[in-house]
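# Structure assessment
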Amino acid sequence: MMRVWYKQDDEFLLPRGILTFYFDGLLSNINPENFNYCIMFVHLVQNSMSDYSYSAKLSGLEWELINNKNGITLYIEGYDHKQLVLLEKIIDKMINFQIDKTMFEKLKKMFIKELKNMSEESNFEAHSYLEILLNENMWNKDDLLKACDKLTIKNLRKFVSQVFKKSHIECLIYGNFTKIEALKIASIVELNFKKISKLKKGKNLSLLNLDRVVNLDPGLHLVYEIMDKMNVTIGTLIYYPREGQSMIELNSLLELFAQIIAEPIVQILRNNNKQLSYIRQTKSITLNKSDRLTIYMQSDKYLQYNELKVDEYLESIKTHINNVTLEEFAKHKESLIINKISKKPKSMVEMSAAFWNEIFSKTYSFDRTNMEIECLKNITKEQILQFYEDYTQ
């Protein structure tokens, strides 16, 4: 039912700790209705803890309950000697969940209002729809608004009574804890949730959500057009995984490639005074172990016109890369390495977040920064050109 990740702090040496518990359940996001139930559950638990949270804050403790794609995350940070008391109180509220009718109606109205007022900023829309299209069990704001009709106290109670019975708990305990103390904390959480679970020990591991994304075959061309009040926004996805290539090498190539082409893409697309398209973002990202290069483009031109401009840009990229001198190439590498060094964790919160990102994304490269720096040092211009040939042709 639970997997425990533990790391004793040996760098900052403070009397603090960070606890992260992720309740990964099949029911939590299987449909828009359940996604809404999760959000309401999180808000109601947080509201019920408001008085206790104030006292905890005075004691140097912070906590948060977060609704994620496939479950719920509980996060506690602060002085380690008081964390167990706060943790047990929150777990009690989650297990013995009570709904205040007045607060439920108030929070429901606020939630619906937030959905209706959700940002219409174009780059946000392009990114959001790209994620929804490629991921299993992700919902847009219209899906969630329609599902609000079923957001009732009765349905919420039924959902909460079932959701933790089919959950796997993934946790990270980091900070001023010994291994024995960490296992004690984890066992308290596990034992409490086993009381409401009808599943036998060990069975829940098969229920662990495996994030799935749409498989895009090489050369496949798909278009999803979205019109808003002001313009058309396009998210252009470029990249298909290659078997046998390590994730560290792949991510390093992607980041370096994205940096080299970021500036010329703007210049190329603005050279023609008749076209008004502009690039909002060019970056490499990792999603569920699938690395990719994404170009976000905003324009008041029609879709086919913008696609043509992107195609023209991609055809010119090889020439640009060929024209990059070895000195310029070395500067690109050095800039990326310096950026990675500057982003190394400078606090316990940042260190814990780095560990948790590897766990949550199921990549488990806990020394990622150093590994990518070493990989970047050895990347050649020829590799970047080959990368271009492999993934943009």
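For the structure, check the block above.
Okay, so let's go over this structure. (Residues numbered from 1 in each chain as written. Predicted model: local features only at pLDDT ≥ 70, side-chain atom pairs only at ≥ 80, totals over all residues. Heavy atoms only, no water.)

## Structural notes on the overall build of the protein
To keep it simple, the criterion reads: Runs of E in the DSSP output that reach at least two residues are strands. Runs of H or I that reach at least four are helices, and both are numbered from the N terminus. Every residue pair with non-hydrogen atoms within 4.5 Å of one another is taken to be in contact. A 1.4 Å probe and the Shrake-Rupley method give the accessible areas. Residues count as covered only by the protein chains that appear here.
The helix and strand inventory of the protein stands at 14 helices and eight strands. Considering only residue pairs separated by 6 or more positions, the protein has 80% of its internal contacts joining residues 24 or more positions apart. Carbon and sulfur atoms form 53% of the exposed surface of the protein, whose accessible area is close to 21100 Å².

## A word on the packing of helix H1 (residues 32-48) against helix H7 (residues 153-163)
Each pair of packed helices gets described by two things: the angle between the helix axes and the distance between those axes. Applicable threshold: Only the stretch in contact is used when a helix axis is fitted, and all axes are lines through C-alpha atoms; the angle between N-to-C directions ranges over 0 to 180 degrees. With respect to orientation, any angle under 35 degrees is reported as roughly parallel, any angle over 145 as roughly antiparallel, any angle of 65 to 115 as roughly perpendicular, and every other angle as oblique.
Axis separation between H1 and H7 bottoms out at 10 Å; the angle between their running directions is 90°. By the angle class used here, H1 and H7 are roughly perpendicular. Contacts between H1 and H7 involve Asn34, Tyr37, Cys38, Met40, Phe41 and Leu44 from the former and Asn155, Leu156, Phe159 and Val160 from the latter.

## Observations regarding the pairing of strand E3 (residues 61-67)
As a reminder, the rule being used: One requirement defines pairing of two strands: DSSP has to find at least two bridges between them.
Here E3 runs beside strand E4 (residues 71-79); their pairing, made up of seven bridges, is antiparallel. Each residue of the ladder has a partner; that of Leu65, found in E4, is Leu74. Connecting the antiparallel pair E3 and E4 is a turn made up of three residues.

## Overview of the sheet that holds E4
In space, the five strands of this open sheet follow the order E1-E5-E2-E4-E3, with mixed pairing throughout. Looking at the sheet topology across the chains shown, the edges are occupied by strand E1 (2-8) and E3. On average, adjacent strands in this sheet sit at an angle of 10° to one another, irrespective of strand direction. Taken together, the nine bridges between strand E2 (residues 16-25) and E4 define a ladder with antiparallel strand orientation. Residue Phe23 lies in a different strand from E4, and its bridge partner there is Ile72. Sheet contacts for helix H3 (residues 83-95): E2, E3 and E4; angle to E4, the most-contacted strand, approximately 155°.

## A short note on the packing of aromatic side chains
For the record, the criterion: Each Phe, Tyr or Trp ring (for Trp, its six-membered ring) is paired with any other whose centre lies within 6.5 Å, and the angle between the two planes then decides the class: stacked below 30 degrees, edge-to-face above 60, tilted in between. Each residue is placed in one exposure class: buried if its accessible area under a 1.4 Å probe, protein chains only, is under 20% of its type's maximum, exposed if it is over 50%, and partly exposed if it falls in between.
Across all of its chains, the model carries 13 aromatic pairs by this definition. Aromatic pair Trp5 and Phe366: ring centres 5.4 Å apart, planes at 50°, arrangement tilted. Separated by 361 residues along the polypeptide, Trp5 in strand E1 and Phe366 in the loop between helix H12 (348-360) and helix H13 (368-378) bring together distant segments of the chain. Ring plane angle 65° and centroid distance 6.2 Å describe the contact between Phe355 and Phe366, whose orientation is recorded as edge-to-face. Here Phe355 is found in helix H12, whereas its partner Phe366 is found in the loop between H12 and H13, with 11 residues between them in sequence. Residue Phe355 is classed as buried on the basis of its relative accessible area, which comes to 13%. Three or more aromatic residues joined by ring pairs make a cluster, and in this case those are Trp5, Tyr174, Phe355, Tyr364 and Phe366.

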